[in-house]
Amino acid sequence: MKTANKRLTAERLVRDALEKAKHFADYNIFTFLNEEGAIKRAREIDARIARGETVGKLAGVPFALKDNFLSPEGQTTASAHILEGFVSPVTATAVAKLEAEGAIMIGRTNLDAFAHGSSTENSYFGPTLNAYDKERVAGGSSGGSAVAVALDIVEFATGTDTGGSIRQPASFNGIYGLKPTYGCISRYGVVAMASSTDCIGFLTKTPDDMDLLMSITSGQDPKDMTTLPDYYETNTHLATRIGIIKDFDNDSVDAEIREALRSKCDLLKSKGYEIVELEMPALKYALAAYYIIVPAEVASNLSRYDGVRYGFRSENSDTLDGLYLNTRSEGFMPENKRRIMIGNFVLSSGFYDAYFLKAAKARTLIVQEYEKAFDKCDYILTPVSPSPAFKLGEKLNDPVAMYLEDVMSVSLNLAGVPGLAIPAGKSASGLPIGLQLVGPRRSDKSLIEFSKELM
Ligand code: GLN
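So, a few notes on the structure that sits alongside this text.

1. Here's the deal with the overall build of the protein chain
Item 1. Helix and strand content of the protein chain: 14 helices and eleven strands.
Item 2. Since a compact globule built from 455 residues should have a radius of gyration of about 23 Å, the 21 Å found for the protein chain is in line with a globular shape.
Item 3. Along the three orthogonal principal directions, the C-alpha set of the protein chain runs to about 60 × 55 × 45 Å.
Item 4. Taking the contacts inside the protein chain whose residues are at least 6 apart along the sequence as the reference set, 76% of them involve residues at least 24 apart.
Item 5. When the accessible surface of the protein chain is totalled, it reaches about 17800 Å², and 52% of it is carbon and sulfur.

What follows is the structure, given as structure tokens:
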């Protein structure tokens, strides 16, 4: 990563990034540009460099922050009307760690409101456009972050991945995107979507940048009791066998994506790796289980937005109940409401056993399926999604078609295992194709290292 020094100042790096951000304004990448704050921080860093102080591993490196990370700079809206006007009193642990190494946030990026979606079209601020084709979606929910990196505005951006929101937009825009092992990076200060599957991660142009960011941000945090004891640097695993999932090799996956997978397998074989065919039948339950468990957690996590404590408050009522009702009716996007409804339904006393409990059991089967698979191979290589970036509007009015986008990504979140989206060439029409490398829990570092074999 290009860091600041006496000749190349942090202020220069930041001004260049801000200029590019403005140049690409029509892509609708940013919900907020941190012009004043970023330049002020850059000058502080330049002053420290001038005094000969060491600044950190990310000295003066501009970055983009997905707008569901809390920090006092700008409003944290999660691209939802209901959070408009909310200025956070706290800073997310991941952001604090990046800033302690000298990184500078130049802006907050657009997402599907509350990270509910696979296209960034569910944003209150309108969709972000794909870096390769303005008529297509950026992917989601970290669409703004992916396009900011793909268009070289910044060298890295933060993301959150509850069911694919880092990997799918990374693959739609031809870059790297990592969903780490659950608990690797603290979730403190990040707007919660589904607490048992939410993961913090990054979008970058290279595996080495990913490794650097992981080594800076991973580790136990007393503010998040689900963080794992520091393991990131110590796991160095040598891979020899790579699994491919037979069940994914069928017509529901775009032919060009299957071809990209085959050609990467040939490359690995030529380097002496063994390709192992896996049957993972429990994965067919992943999407259904995900769309029960996640809405259940969403419904709980979104119950705190009542118009009293955070952001937007509807003025159209003179009773307390009316205030809750109108604030939530006006403040949430349709997809947020759909998930609140589904979540409360599957948790309700009459349906808990039939839906939530069954989904929780299916989740256990999926965890076990991955454990069995990793007895037979070291890593698994799969598509990220069934097709490259789709057209804007194509799936917006068909929630089930949109949910099907996630059919290959959500099982990793249910199992807590890491997945790295890697660029794997382009389609005949010039759209990026992505594949994902999946590893056992805590294999994040070696997974990133191994991805270089596929370059
Ligand atoms: N597309 C998935 C969903 O809508 C994943 C979202 C995410 O990872 N935040 O639930």
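2. Thoughts on the site of the ligand
Item 1. Residues in close proximity to the ligand total 15 residues, the closest being S118, T162, G163, S165 and Y290.
Item 2. G163 places a polar main-chain atom, nitrogen or oxygen, 2.7 Å from an oxygen atom of the ligand.
Item 3. Contact with the protein chains hides 100% of the accessible area of the ligand, taken as 300 Å² for the molecule alone.
Item 4. Taken atom by atom, the bulk of the ligand overlaps the largest cavity.
Item 5. Tallied by class, residues from the shell around the ligand come to four nonpolar, eight polar and three charged.

3. Overview of the side chain of T158
Item 1. If you trace the backbone, T158 turns up in strand β4 (residues 156-161).
Item 2. Polar contacts involving the side chain of T158 include one to the main-chain amide nitrogen of K66, which spans 3.0 Å.

4. Observations regarding the environment of E36
Item 1. Residue position: E36 is located in helix α2 (residues 35-50).
Item 2. Overall, the relative accessible area of 72% leaves E36 in the exposed class.
Item 3. It is 38 Å that separates the C-alpha atoms of E36 and S451, two residues lying 415 residues apart in sequence.

5. Observations concerning the side chain of N122
Item 1. Relative to the helices and strands, N122 is located in the loop between β3 (104-109) and α4 (143-150).
Item 2. From its side chain, N122 meets the backbone oxygen of H116 in a polar contact 2.8 Å long.
Item 3. Sequence-distant contacts of N122, defined by excluding residues within four places in its chain, comprise D112, A113, H116, G117, M333, E335 and L396.

6. Digging into helix α9 (residues 320-331)
Item 1. Between the first and last C-alpha of α9 there are 16 Å, a value that for twelve residues agrees with the 16 Å anticipated at 1.5 Å per step.
Item 2. Three or more residues of α9 are buried, namely G322, L323, T327 and G331. Taken end-on, α9 shows its buried residues confined to a sector of 130°, consistent with a single buried face. Of the exposed residues in α9, the ones pointing more than 90 degrees away from its buried face are D321 and L325.
Item 3. If you check the start of α9, you find a side-chain oxygen 3.0 Å away from the backbone N of G322, and it comes from T319.

7. Quick notes on the environment of H237
Item 1. You can see H237 is positioned in the loop between α6 (207-217) and β7 (241-245).
Item 2. Each C-alpha atom of the pair H237 and Y176 lies 20 Å from the other, and the pair is 61 residues apart in sequence.
Item 3. When neighbours within four sequence positions are excluded, H237 is seen to be in contact with D378, Y379 and S446.

8. Here we look at the layout of surface pockets
Item 1. In this model, the largest pocket occupies a volume close to 360 Å³.
Item 2. Together, 22 residues line the largest pocket, and V190, V191, A192, R304 and Y305 are the ones closest to its centre.
Item 3. In terms of residue class, the lining of the largest pocket is built from 14 nonpolar, five polar and three charged.

Scoring rules and cut-offs
- Residues numbered from 1 in each chain as written.
- Predicted model: local features only at pLDDT ≥ 70, side-chain atom pairs only at ≥ 80, totals over all residues.
- Heavy atoms only, no water.
- Helix = DSSP H or I, 4+ residues; strand = E, 2+ residues; numbered from the N terminus.
- Rg over C-alpha atoms; globule rule 2.2 N^0.38 Å.
- Contact = heavy atoms within 4.5 Å.
- Areas by Shrake-Rupley, 256 points an atom, 1.4 Å probe, with all protein chains shown as cover.
- Near = heavy atom within 4 Å.
- Polar contact = N/O pair within 3.5 Å; in protein donor to acceptor, adjacent residues only side chain to side chain.
- 1 Å grid on protein atoms, 1.4 Å probe; cavity = no way out; pocket = protein on both sides within 12 Å on 5 of 7 lines; lining within 4 Å.
- Sits in = over half its atoms within 2 Å of the grid points.
- Nonpolar A, V, L, I, M, F, W, Y, C, P; charged D, E, K, R; others polar.
- Buried < 20%, exposed > 50% of the residue type's maximum accessible area, 1.4 Å probe, protein only.
- Expected span 1.5 Å × (residues − 1).
- Arc of directions from axis to C-beta.
- Points joined across faces, edges and corners; volume = space filled by probe spheres on them.

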